[in-house]
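If you want the building blocks of each chain, they are given just below.
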Amino acid sequence: MPVYSEKVMQHFMNPHNVGEIADADGIGEIGNPVCGDMMTFYIKVKDNRLEDVKYKTFGCGAAIAVSSMVSDMVKGKTLEEALTVTPSMVAKELEGLPKNKFHCSNLGAQALRKAIRNYAIKNKIDIPGLTDQEEPEEEDEHACET
Amino acid sequence: MDNVAAAPLLPEVREAMMPFLKETFGNPQSLHSWGDGARDALEKAREQVASLIGGVAEEVFFTCSGTESNNMAVKGIARARADKGKHIIISAIEHFSVMNSARTLEKEGFEVTMVPVNSYGIVDPDEIVRNIRKDTVLVSIMHANGEVGTIEPIVEIAKKLPKDGPAFHTDAVASTGNIPINVKELGIHALSLAGNQFYGPRGSAALWVKRGVRILPLMDGGIQEGGRRPGTEDVPAIVGLGKAAEIAKAEIPAKSSRFIRLRDLLIEGVLNKIEHSMLTGHPTQRLPNYASFCLRFIEGEGMLMLLDSHGIAGASGSACTSRALKASHVLLAMGISHEVSQGSMLFTLGLDNTEDDVAYVLEKLPQVVDRLRQMSPLYSKFIKEQKG
């Protein structure tokens with residue numbers, strides 16, 4: 001088994017905010033089961049803030065801990081603030097990730113971004129920070145080869 | 001229940017080794033009485049190993065790992081026969097030590113045919129025969145697979161190979177010491193085995209090569225092991241291997257019937273208690289100590305971590321658990337999808353495991369699986385699709 005930080009273990013053993021939101025304002029899905037990781041993020045937005053964030057994750061210990069950490073980091077934040085969360089910030093909050101698992105932290109931030117984009121498109125609004133950044137989705141550091 | 005990864009030395013094995021770590025430290029090649037003691041011990045171990053597999057002592061060469069034995073067999077035999085031809089046949093589920101040895105041979109101008117397996121992981125002997133060519137010099141098919149425990153039809157393959165045709169090697173690392181093996185009955189020319197698979201020390205292994213079969217050494221050196229495997233012998237490890245072989249031979253019948261009972265309890269329990277689970281490998285044509293599964297909608301590493309928190313050790317062939325993040329080539333070769341192979345779970349029984357241990361796994365594993373499924377988007381999708 002990989003050597004995970006205590007923080008990763010805590011979030012893996014007791015992940016926060018797991019679940020789905022039936023009437024979600026935005027949904028973002030990323031990854032694919034072939035590679036071993038898949039995340040779906042659900043957001044509820046009120047007054048431009050992430051009132052609730054939930055997710056479901058198929059993947060390794062790191063993927064689950066990342067989902068939990070991302071949900072903690074952005075819950076209650078404004079959409080603009082939430083969009084500033086980067087994979088390396090997530091990894092740092094988790095007290096580091098094994099090198100070959102770093103791609104998992106990309107997935108978390110990307111799944112959340114997708115959920116916010118989904119919300120923006122549905123509501124026809126423009127959120128600073130959402131469009132001015134290229135989505136690296138297809139060319140992330142995912143080590144998966146199929 | 002991850003006994004094939006590491007198991008404790010048997011106390012008897014440790015006891016047998018101790019004198020050679022303490023007072024009897026001689027070099028078997030030395031021509032004095034210290035050397036004599038070591039040499040006698042070495043030859044006794046050779047007989048013990050030969051006896052476990054029904055071979056002759058002179059045909060046993062000590063190595064340092066199953067990997068080394070496989071390298072030595074595949075490369076050593078193919079290279080020794082390169083003047084006859086440069087084609088070899090292996091199966092799609094061989095251990096990396098065979099796979100990658102074949103790849104190295106490819107770079108040296110050999111052609112490699114990889115025969116497929118069926119959904120149980122079994123090689124079709126006729127498929128091998130169909131692929132035999134005039135220039136085929138080696139066939140290497142494992143005796144039993146180390147990930148799913150399937151036992152291959154080695155006898156049938158050997159019977160169908162042309163006389164004076166290719167040499168036939170089998171990687172019996174997973175099976176030796178766990179099921180009865182007789183090299184004459186198998187009809188093979190070379191067999192790899194490793195002591196750590198039957199309670200011998202790590203770093204102790206052997207390659208059996210039938211008399212008359214030519215093999216080139218991997219390393220150049222002196223006269224040890226008939227020049228086929230030079231290098232000063234690790235006498236304590238070899239003595240431990242011999243002792244472990246002697247014990248294994250005596251205990252295989254009792255051990256395997258005990259393992260089979262526990263294994264089948266575990267298999268039946270998992271398949272009954274966990275929905276969307278499947279056994280991997282053949283239901284009966286499998287090693288007594290192997291219970292392997294794919295549990296859908298979840299991923300192996302999370303399973304191992306949660307089981308570990310309950311004090312249960314297992315193994316998985318999921319992509320996430322491998323350092324290379326690649327799904328098990330064995331499961332893929334058996335036609336299991338990438339997605340399903342992520343939920344691979346392997347338990348290997350050991351001498352210390354009891355019926356209580358099996359009951360404990362059957363109590364905890366369903367909880368672990370349920371917990372991971374509750375957070376799996378694949379599972380919720382599946383449930384929604386089922387409903388409607």
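All values derive from a computational prediction rather than experimental measurement. (Residues numbered from 1 in each chain as written. Chains lettered and ligands numbered in written order. Predicted model: local features only at pLDDT ≥ 70, side-chain atom pairs only at ≥ 80, totals over all residues. Heavy atoms only, no water.)

A. Up close: the sheet that holds strand β2 (residues 37-46) of chain A. Residue and element names in this part refer to chain A. Overall, antiparallel pairing links the 3 strands, which are arranged β1-β2-β3 in an open sheet. What marks the edges here is a single partner per strand, and that holds for β1 (26-32) and β3 (49-58). Sheet twist, expressed as the average angle between the axes of neighbouring strands with direction ignored, equals 15°. Against the sheet, helix α5 (residues 102-122) contacts β1 and β2, and its axis sits at roughly 40° relative to β2. (Pairing = 2+ DSSP bridges. Helix = DSSP H or I, 4+ residues; strand = E, 2+ residues; numbered from the N terminus. Axes fitted to C-alpha atoms, helices over the stretch in contact; angles between N-to-C directions. Contact = heavy atoms within 4.5 Å.)

B. Summary view of the pairing of strand β5 (residues 167-171) of chain B. All names here are of chain B. Summarising burial for β5: 5 of the 5 residues are buried, a large majority. Side-chain alternation along β5 places Ala167, His169 and Asp171 on one buried face and Phe168 and Thr170 on a second face that is also buried. In terms of strand pairing, strand β4 (residues 136-140) meets β5 through 3 bridges, oriented parallel. Along β5, the bridge assignment pairs serine 140 with histidine 169. In this fold, β4 hands off to helix α6 (residues 154-160), which returns the chain to β5; that crossover is right-handed. Pairing geometry for β5 and strand β6 (residues 190-194), over 3 bridges, is parallel. Looking at β6, one finds that aspartate 171 is bridged to serine 192. (Buried < 20%, exposed > 50% of the residue type's maximum accessible area, 1.4 Å probe, protein only. Right-handed = clockwise from strand over helix to strand, strands pointing away.)

C. The interface of chain A and chain B, seen in detail. Listed by partner, the interface residues are 31 residues for chain A and 29 residues for chain B. Both sides of the chain A and chain B interface together cover about 2400 Å² of buried area, and 65% of this is carbon and sulfur. If you look at where chain A meets chain B, you find 3 salt bridges. Across the salt bridge formed by lysine 384 of chain B and glutamate 20 of chain A, the nearest N and O atoms sit 3.0 Å from each other. The tally of links between chain A and chain B comes to 10 residue pairs in polar contact (both at pLDDT 80 or more). (Buried area = accessible area lost by both parts, 1.4 Å probe. Salt bridge = Lys/Arg side-chain N within 4 Å of Asp/Glu carboxyl O. Polar contact = N/O pair within 3.5 Å; in protein donor to acceptor, adjacent residues only side chain to side chain.)

D. Spotlight on the packing of aromatic side chains. Residue and element names in this part refer to chain B. On inspection of all chains with the given rule, the structure shows 3 aromatic pairs over all chains. Between phenylalanine 297 and phenylalanine 382, the ring centres sit 4.7 Å apart and the planes meet at 40°, which makes this aromatic pair tilted. Separated by 85 residues along the polypeptide, phenylalanine 297 in the loop between β9 (290-295) and α9 (300-309) and phenylalanine 382 in helix α13 (residues 377-387) bring together distant segments of the chain. Each member of the pair, phenylalanine 297 as well as phenylalanine 382, carries the same accessibility label: buried. Grouping aromatic residues by their ring pairs yields a cluster made of Phe297, Tyr379 and Phe382. (Phe/Tyr/Trp six-rings, centres within 6.5 Å; stacked < 30°, edge-to-face > 60°.)

E. Molecular detail of the domain arrangement of chain B. All names here are of chain B. In terms of domain boundaries, chain B breaks down into domain 1 (11-248) and domain 2 (252-387). Centre-to-centre, using C-alpha coordinates, domain 1 lies 30 Å away from domain 2. Contacts between the two partners involve 28 residues from domain 1 and, on the opposite side, 23 residues from domain 2. Both sides together, the interface formed by domain 1 and domain 2 hides about 2100 Å², and carbon and sulfur atoms give 62% of it. Counting across the interface, domain 1 meets domain 2 through 0 salt bridges. At the boundary of domain 1 and domain 2, one finds 11 residue pairs in polar contact (both at pLDDT 80 or more). (Domains from an automatic or database assignment.)

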